[in-house]
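# A structural walkthrough
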Amino acid sequence: ADCLREHPLHLAMAPAEWADFCGVPVNEADAHRSIHNLLNKGSDTHSLICCVEKKTGCIRGYLNFGHFKQFNDQALHLNHLKVQRELRRRGIASLMIQGAMCLADRRGWSFQEIDLLVSSWNQNAMKFYSKMGFIPQARRGKRQRSALSQWT
């Protein structure tokens, strides 16, 4: 968690933005506590897988994912996947998705499909998900820059 606190993504965001991004309270102390818990053990509905560089201990990629069994949810939701630009195309994202599926199974999160949203302008992400076997389902939003594409 200390490494994440110094991560450029975290440093560039105001506490309220970080809280909204992670789905935690706006109060900075509560947000840091929630992030720490998510990094260390997850929650009943969300978990986080991090790719940590062994030499430096810094996070080079992460996948936030969740499952909502209280709503009889049959999907594993990939909420945010990020791999540092210079480390892309090395299988890290695929490995994190496989890890999320294994961790979800271990937690007893029963799911029939995996879903995610992709920004419509992010052609590289869409190519990656298509290669992984995901299929576009719908498009949300009318503006090209802010539209999202739902995939399963």
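Residues numbered from 1 in each chain as written. Predicted model: local features only at pLDDT ≥ 70, side-chain atom pairs only at ≥ 80, totals over all residues. Heavy atoms only, no water.

### Section: the overall build of the chain
Within the chain, the secondary structure is distributed over six helices and six strands. Ordering the α and β elements of the chain from the N terminus gives α-α-α-α-β-β-β-α-β-α-β-β. Taking all 152 residues of the chain together, 34% fall into the buried category. Restricting to contacts in the chain with at least 6 residues of sequence separation, those with at least 24 account for 44%. When the accessible surface of the chain is split by element, carbon and sulfur atoms take 52% of a total near 9800 Å². (Helix = DSSP H or I, 4+ residues; strand = E, 2+ residues; numbered from the N terminus. Buried < 20%, exposed > 50% of the residue type's maximum accessible area, 1.4 Å probe, protein only. Contact = heavy atoms within 4.5 Å. Areas by Shrake-Rupley, 256 points an atom, 1.4 Å probe, with all protein chains shown as cover.)

### Digging into the packing of aromatic side chains
Aromatic ring pairs are described here by two measures, namely the spacing of the ring centres and the angle between the planes. Tallied over the full model, the rule gives three aromatic pairs. Plain terms: the ring middles of Phe65 and Trp109 are 6.0 Å apart, the flat faces sit at 70° to each other, and that makes the pair edge-to-face. Taken as a pair, Phe65 in strand S2 (residues 59–66) and Trp109 in the loop between helix H5 (92–106) and strand S4 (113–119) lie far apart in primary sequence, 44 residues in all. Each member of the pair, Phe65 together with Trp109, is buried. Within the aromatic cluster, the residues linked to one another by ring pairs are Phe128, Tyr129 and Phe134. (Phe/Tyr/Trp six-rings, centres within 6.5 Å; stacked < 30°, edge-to-face > 60°.)

### Looking at the pairing of strand S1 (residues 46–52)
Bridge count for S1 against S2 is seven bridges, and the pairing is antiparallel. Residue pairing across strands places His46 opposite Gly66, the latter belonging to S2. Hairpin connection of S1 to S2: six residues between the antiparallel strands, including Gly57 at a positive phi of 80°. (Pairing = 2+ DSSP bridges.)

### Concerning the nonpolar core
Core analysis: the biggest nonpolar cluster contains 23 residues, and Phe65, Leu78 and Tyr129 have the highest contact counts within it. Those elements that provide at least two residues to this core are S2, strand S3 (75–83), H5, S4 and helix H6 (123–131). Per-element accounting of this core gives the leading share, six residues, to H5. Those residues in contact with Leu78, other than ones at most four positions away along the chain, are Leu63, Asn64, Phe65, Ile97, Ile114, Asp115, Leu116 and Phe134. (Core = buried A, V, L, I, M, F, W, Y, C linked by side-chain atoms within 4.5 Å.)

### Some points on the environment of Asn79
Inspection of the secondary structure puts Asn79 in strand S3. The class of Asn79 is partly exposed, set by a relative accessible area of 40%. With sequence-adjacent residues up to four places away left out, Asn79 is seen in contact with His46, Asn64, Phe65 and Gly66.

### As for H5
Between its terminal C-alpha atoms H5 stretches 21 Å, which fits the 21 Å expected from 15 residues at 1.5 Å a residue. Restricting attention to buried positions, one finds in H5 the residues Ile92, Ala93, Ser94, Met96, Ile97, Ala100 and Ala104. Buried positions along H5 lie against S1, S2, S3 and H6. (Expected span 1.5 Å × (residues − 1).)

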